Amino acid sequence: MGYIYSTADYLNITGLYEYDSSYYGDRDNDSYYGYSNHSKGNTTEDVNYNFILPLWRQILWSILFGGMVIVATGGNLIVVWIVLAHKRMRTVTNYFIVNLSIADAMVSTLNVTFNYTYMLNAHWPFGTIYCKISQFVAILSICASVFTLMAISIDRYMAIMDPLRPRMGKRTTLCIAAIIWIVGVILSCPMLVFFTTYDQHMQEGEVRVVCYSEWPDGPTNHSFQEHVYNVVFMFLTYFLPIGSMTFTYARVGIELWGSQSIGECTQRQLENIKSKRRHTAEEKIFLLKIYPPPI
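The model shown is predicted, which means the values in this text are computed figures rather than measured ones.

Rules of the game
- Residues numbered from 1 in each chain as written.
- Predicted model: local features only at pLDDT ≥ 70, side-chain atom pairs only at ≥ 80, totals over all residues.
- Heavy atoms only, no water.
- Helix = DSSP H or I, 4+ residues; strand = E, 2+ residues; numbered from the N terminus.
- Buried < 20%, exposed > 50% of the residue type's maximum accessible area, 1.4 Å probe, protein only.
- Contact = heavy atoms within 4.5 Å.
- Areas by Shrake-Rupley, 256 points an atom, 1.4 Å probe, with all protein chains shown as cover.
- Pairing = 2+ DSSP bridges.
- Polar contact = N/O pair within 3.5 Å; in protein donor to acceptor, adjacent residues only side chain to side chain.
- Disulfide = S-S within 2.5 Å.
- Salt bridge = Lys/Arg side-chain N within 4 Å of Asp/Glu carboxyl O.
- Axes fitted to C-alpha atoms, helices over the stretch in contact; angles between N-to-C directions.
- Parallel < 35°, antiparallel > 145°, perpendicular 65-115°, else oblique.
- Left-handed = near helix turned anticlockwise from the far one by under 90°.
- Nonpolar A, V, L, I, M, F, W, Y, C, P; charged D, E, K, R; others polar.
- Core = buried A, V, L, I, M, F, W, Y, C linked by side-chain atoms within 4.5 Å.
- Phe/Tyr/Trp six-rings, centres within 6.5 Å; stacked < 30°, edge-to-face > 60°.

K.L.:
Quick rundown of the overall build of the protein? Include the residues and the values.
P.N.:
Assigned secondary structure in the protein consists of six helices and seven strands. Its helices and strands taken in sequence order, the protein reads β-β-β-β-α-α-α-α-β-β-β-α-α from the N to the C terminus. Classification of the 295 residues of the protein by burial places 37% in the buried group. Put simply, 63% of the contacts in the protein that link residues at least 6 apart link residues at least 24 apart. For the protein, the exposed surface amounts to about 18200 Å²; the carbon and sulfur share of it is 65%.

K.L.:
Can you break down the sheet that holds strand β7 (residues 218-219) residue by residue, with the values?
P.N.:
If you walk across this open sheet you meet the three strands as β5-β6-β7, and the pairing is antiparallel. Of all the strands in the sheet, just β5 (195-201) and β7 have a single pairing partner and so form its edges.

K.L.:
Describe the side chain of K132, listing the residues and the values that go with them.
P.N.:
On the secondary structure map, K132 appears in helix α3 (residues 127-161). Among the polar contacts listed, one links the side chain of K132 to the backbone oxygen of V193, at a separation of 3.4 Å. Not counting residues within four places of it along the chain, the set of residues in contact with K132 comprises M191, L192, V193 and F195.

K.L.:
Tell me about the state of the cysteines, and name the residues and values.
P.N.:
Scanning the model with the defined rule gives one disulfide in all. With its sulfur 1.9 Å from that of its partner, C131 forms a disulfide with C211. Disulfide C131-C211: torsion about the S-S bond near 85 degrees, hence right-handed. In this pair, C131 sits in helix α3 while C211 sits in strand β6 (residues 207-215), placing the two residues 80 residues apart along the sequence. According to the relative accessible area criterion, C131 is buried, its value standing at 0%. Judged by its relative accessible area of 1%, C211 is buried.

K.L.:
I'd love a proper account of the pattern of salt bridges, names of residues and values included.
P.N.:
Per the stated rule, a full pass over the model turns up one salt bridge. We note a salt bridge from D155 to R156, for which the minimum N-O separation is 3.3 Å.

K.L.:
Could you give me a rundown of the packing of helix α2 (residues 92-121) against helix α4 (residues 170-194), with the residues and numbers involved?
P.N.:
Think of two packed helices as two axes; the pair is described by the angle between the axes and how far apart they sit. Between α2 and α4, whose axes approach to 9 Å, the crossing angle comes to 25 degrees. The angle between α2 and α4 places the two elements in the roughly parallel class. Taken as a pair, α2 and α4 cross one another with a handedness that is right-handed. Side by side, α2 and α4 meet where V92, Y95, F96, N99, I102, A103 and M106 of the first sit next to K170, T173, I176, A177, I180 and W181 of the second. Per-class residue counts for the contact of α2 with α4 are 10 nonpolar, two polar and one charged.

K.L.:
Quick one: what's the story with the pairing of β5, residue by residue and with numbers?
P.N.:
In regular strands, side chains alternate between the two faces of the sheet. Across seven bridges, the pairing between β5 and β6 is antiparallel. If you follow Q200 over to β6, its bridge partner there is R208. Two successive antiparallel strands, β5 and β6, enclose a turn made up of five residues, where E204 displays a positive phi of approximately 60 degrees.

K.L.:
I'd like to hear about the nonpolar core, residue by residue, with values.
P.N.:
Ranked by internal contacts, the top residues of the largest apolar core, which has 35 residues, are W124, I139 and F147. Elements represented by at least two residues in this core include exactly α2, α3, α4, β5, β6 and α5 (224-257). Looking at this core element by element, the count peaks at 14 residues for α3. Residues within four places of W124 in sequence aside, it is in contact with F114, N115, Y118, Y130, C131, S134, T197, V209 and C211. Counting residues in hydrophobic clusters, the runner-up holds seven residues, among them F65, V69, Y116 and L120.

K.L.:
Any details on the packing of aromatic side chains? Residues and values, ideally.
P.N.:
Applying the stated rule across the entire model yields 10 aromatic pairs. Plain terms: the ring middles of F65 and Y116 are 4.7 Å apart, the flat faces sit at 25 degrees to each other, and that makes the pair stacked. Of this pair, F65 sits in helix α1 (residues 55-85) while Y116 is found in helix α2, placing the two residues 51 residues apart along the sequence. Each member of the pair F65 and Y116 is classed as buried. Between F114 and Y130 the ring centres are 4.5 Å apart and the planes differ by 50 degrees, which places this aromatic pair in the tilted class. With F114 in helix α2 and Y130 in helix α3, the pair connects residues that are 16 residues apart, well separated along the chain. A relative accessible area of 17% places Y130 in the buried class. Following the ring pairs from residue to residue traces out a cluster consisting of F114, Y118, W124, F126 and Y130.

See the structure below:
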């Protein structure tokens, strides 16, 4: 036995669907999630499991997911509005935060709600096109989020380790953000190509639709191409960002560990301040000698 499931991130809660070895032959004999055929001698016994979750669980999950969608969408849109509506907030770091907020708001509105419905009913009623779009958005948001976090860590690293170096300008920041989205779209394209739907005919004429990926060399969990894609995707969106951020923030932490606190003057700074005050006093005395005040 195997499982059909959609590629998912931490917010993509697509359900699991079970099928038997006859998948490659006659799909009408598939067992799906709650139905399976058990042979006993010359008879076949149909075991029917309930697709519908208990009412208390539906209510609990609806409250949790509804609250999550409202908070995630509203909070991220507020962040975007604050940065874009106030000119003094338009810094390099804040532009990256806006990029991160757009990705999070996109997945909360275009992916989570629909996949929650899919999980709740074990049925995809939104059609083949949106099956592709939903999975595309899920992967795209992951790429945009992790690459933006990596860009923020690199920007912080450069600002702390080389403070005299000119900071990135607005144009450079927007170009980096555009590159992040382009790379995300490239990595997400297989979702648009290989995700599809399948009508599963159940007992008593009921039809349930499955949203799953079917690669050229087989369905999900039975495809070597999907395995290669998942390995590459994990490296680019997990190991590479976590390695980069670990290095940059560790170096920044080491650099700041023994430095003076913000606002605290070093001994050299104190000596420079005293020297400037002494020179200012000497200049005032010199001016008073040349231009004595009137009596």
